[in-house]
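# Understanding the architecture of this molecule
What follows is each chain in one-letter form.
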Amino acid sequence: MAKHLLSKSTYIKSLQCQKALYLHKKRPFLRDKMSAVQLAKFRRGTAVGVLARNLYPGGIDMTPKSPSQYQSKRNETLLALQNPEITAIYEAVFQYDDVLIMLDILAREGDKWRAIEVKSSRGLSETYLQDAYLQYYVLNGNGIPLVDFELIYVNEDYILKDKLILDELFISQSVLVQAKEAFEKTASQIQKAKATLQLTKSPEVSIGTHCYKPYPCDFIGHCWKNVPQNSLLYLSSQPFLQRFDWFNNNIRLPEQLHNAELADQLMALNEQKLFVNHNLLMKNLKNFDMAKPAYLKFLFHQAAVPELRGMKPYEPIILAVSAFQPSNTVQQIHHWSCAVEISEWKNIFQFLNTLWKSSSVFIIHEDRIFDEFLKKTNEIHPEIKWINYAVLLSESDFMIPSISENPDQKLIQQHIFPNQKPLKDEAWLLKDLLDDPEKNSRKINFQLELYSKNLEEIHKYLISSNEI
Ligand code: SF4
């Protein structure tokens, strides 16, 4: 059997962009580095897939140890199908029409099979459906009789009680009917992808929203290298789709956009500076007592499968925090962590309460996931006043030349203080902490401390000049 040309991931890549497929296969050295967030998603997906096998226990695992085993595992899978004592196959390997798939679970039901693909997400996206249609296509090509094809995903309303109940944790959705309906389209998309791989040079594909949706492409560094730094695509204060709309209508540079309201931001973009409406910023800050600020940096963990009683999937748990208080006569830094014993996490409220006694406002720069935690904190300590700089900036017309709609603190730091060592990516910090909390906690504390001190520097920078 000839080696496959496409896999699930390369097929999905081809749906996003034929050029991405070509570059992935033929010019892999042009790929950007895998981001920490992508890596974390991959690890999470694998762990949930393994857990879901317990829905169909007693099966055999076909996971290849390396790509060199694909064909032997494929042969073993075909043999296992013939063995009536085998009730379930995990990572069942099939190939058809030059496409290789590994199906999470194939469970025997009489003389037919139930195909199950597991997703660690809280819902099903179009990509997941396309992924299932491809697998159905390959299973069909192998003549596997199916009672159903199910996608299972995480029930976000599940609450962990005494023990994990998988039937309640997971939600199952049949996609067999849609997969059959999509059969012809799937076949033609496979042919299109295979034709792309026969090309002698990469297909001409212009940049567009597909570079970021459904996933940020691995080749942005390569394809976007000629986008000028003052391109309107980097006018981060404007919605992503709006910026591409301008781009597609050939409105690409600040001087082409005649919009009086955005005049200051356009000028800043042209000069590669950040912009903030200083009056708005100061007005928003006036609502707070800035006499004794404490700058906090949290590291939080969202497990797809709840680890503690009473918790839901993806509910954020604070693992560590550093707080920097510059207003005291002696600058102070406080650390708190529960990474070694996660069940201690609720003590964070006690820590915050103690810290609040010597503070007038807590300042953070966190994304929306943090809101859930903040809601809980507000119930317990309604007296604590918070400023989320991410929100404050977006309410003050903040713009930093960047593709991201919500520039994170790391990006802002790099822009304002280009000579400073960049802050370490939070996803890597989280990985280090979860991998070995005892060994890595001091290192993590140090990194979080850099974040909290840097937030004070950003704040001082933004309020110190009304020219930006
Ligand atoms: S960066 Fe955009 S155009 Fe380039 S390969 Fe990726 S998706 Fe295609």
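The structure this text deals with has already been given above.
Quick summary incoming for the structure in this document.

## Observations regarding the site of the ligand
- Within the structure, the ligand sits among Cys17, Lys19, Ala20, Ser206, His210, Cys211, Cys217, Phe219, Ile220 and Cys223.
- Residues that form the shell around the ligand fall into these classes: 7 nonpolar, 2 polar and 1 charged.

## Here we look at the environment of aspartate 425
- Summarising the element assignment, aspartate 425 is placed in the loop between helix H16 (409–416) and helix H17 (426–435).
- Separated by 22 residues in sequence, aspartate 425 and glutamine 447 have C-alpha atoms that sit 9.6 Å apart.

## Let's talk about the packing of aromatic side chains
- One pass over the structure, following the stated rule, counts 20 aromatic pairs.
- Judged by centre distance (5.7 Å) and plane angle (90°), the ring pair of tyrosine 212 and tryptophan 224 falls under edge-to-face. Separated by 12 residues along the polypeptide, tyrosine 212 in the loop between helix H8 (183–198) and helix H9 (220–223) and tryptophan 224 in the loop between H9 and helix H10 (240–248) bring together distant segments of the chain. Neither tyrosine 212 nor tryptophan 224 differs from the other in exposure class; each is buried.

## What about the sheet that holds strand S11 (residues 361–364)?
- Within the open sheet, the 5 strands sit side by side as S10-S9-S8-S11-S12. Their pairing is mixed. Lying at the two open borders of the sheet, with one neighbouring strand each, are strand S10 (332–337) and strand S12 (386–388). Strand-to-strand, the axes of this sheet are offset by a mean angle of 25°, without reference to chain direction.
- In the sheet, strand S8 (residues 293–302) pairs with S11 via 3 bridges, with the strands oriented parallel. Bridge assignment links alanine 294 to a residue of S11, and that residue is phenylalanine 362.
- Together, S8, strand S9 (316–325), S10, S11 and S12 form the strand contacts of helix H13 (residues 348–356), whose direction differs from that of S9 by roughly 20°.

## Here's the deal with unusual backbone geometry
- Residue proline 214 follows lysine 213 across a cis peptide bond; omega there is 5°.
- As for its position among the elements, proline 214 is in the loop between H8 and H9.
- Although it is not a glycine, aspartate 98 sits at a positive phi angle of roughly 65°.
- With respect to the helices, strands and loops of the structure, aspartate 98 is situated in the loop between strand S3 (88–96) and strand S4 (99–109).
- The residue aspartate 397 is not glycine, and still its phi comes out positive at about 55°.
- Examined against the element boundaries, aspartate 397 turns out to sit in the loop between helix H15 (389–394) and H16.

## Some thoughts on the environment of leucine 296
- Summarising the element assignment, leucine 296 is placed in strand S8.
- Judged by its relative accessible area of 1%, leucine 296 falls in the buried class.
- Residues leucine 296 and lysine 431, 135 residues apart in the sequence, show an inter-C-alpha distance of 20 Å.
- Filtering out sequence-adjacent residues up to four positions away, leucine 296 remains in contact with Val321, Ser322, Ala323, Leu352, Leu355, Phe362, Ile363, Ile364, Trp386, Ser452 and Leu455.

Scoring rules and cut-offs
- Residues numbered from 1 in each chain as written.
- Predicted model: local features only at pLDDT ≥ 70, side-chain atom pairs only at ≥ 80, totals over all residues.
- Heavy atoms only, no water.
- Near = heavy atom within 4 Å.
- Nonpolar A, V, L, I, M, F, W, Y, C, P; charged D, E, K, R; others polar.
- Helix = DSSP H or I, 4+ residues; strand = E, 2+ residues; numbered from the N terminus.
- Phe/Tyr/Trp six-rings, centres within 6.5 Å; stacked < 30°, edge-to-face > 60°.
- Buried < 20%, exposed > 50% of the residue type's maximum accessible area, 1.4 Å probe, protein only.
- Pairing = 2+ DSSP bridges.
- Axes fitted to C-alpha atoms, helices over the stretch in contact; angles between N-to-C directions.
- Contact = heavy atoms within 4.5 Å.

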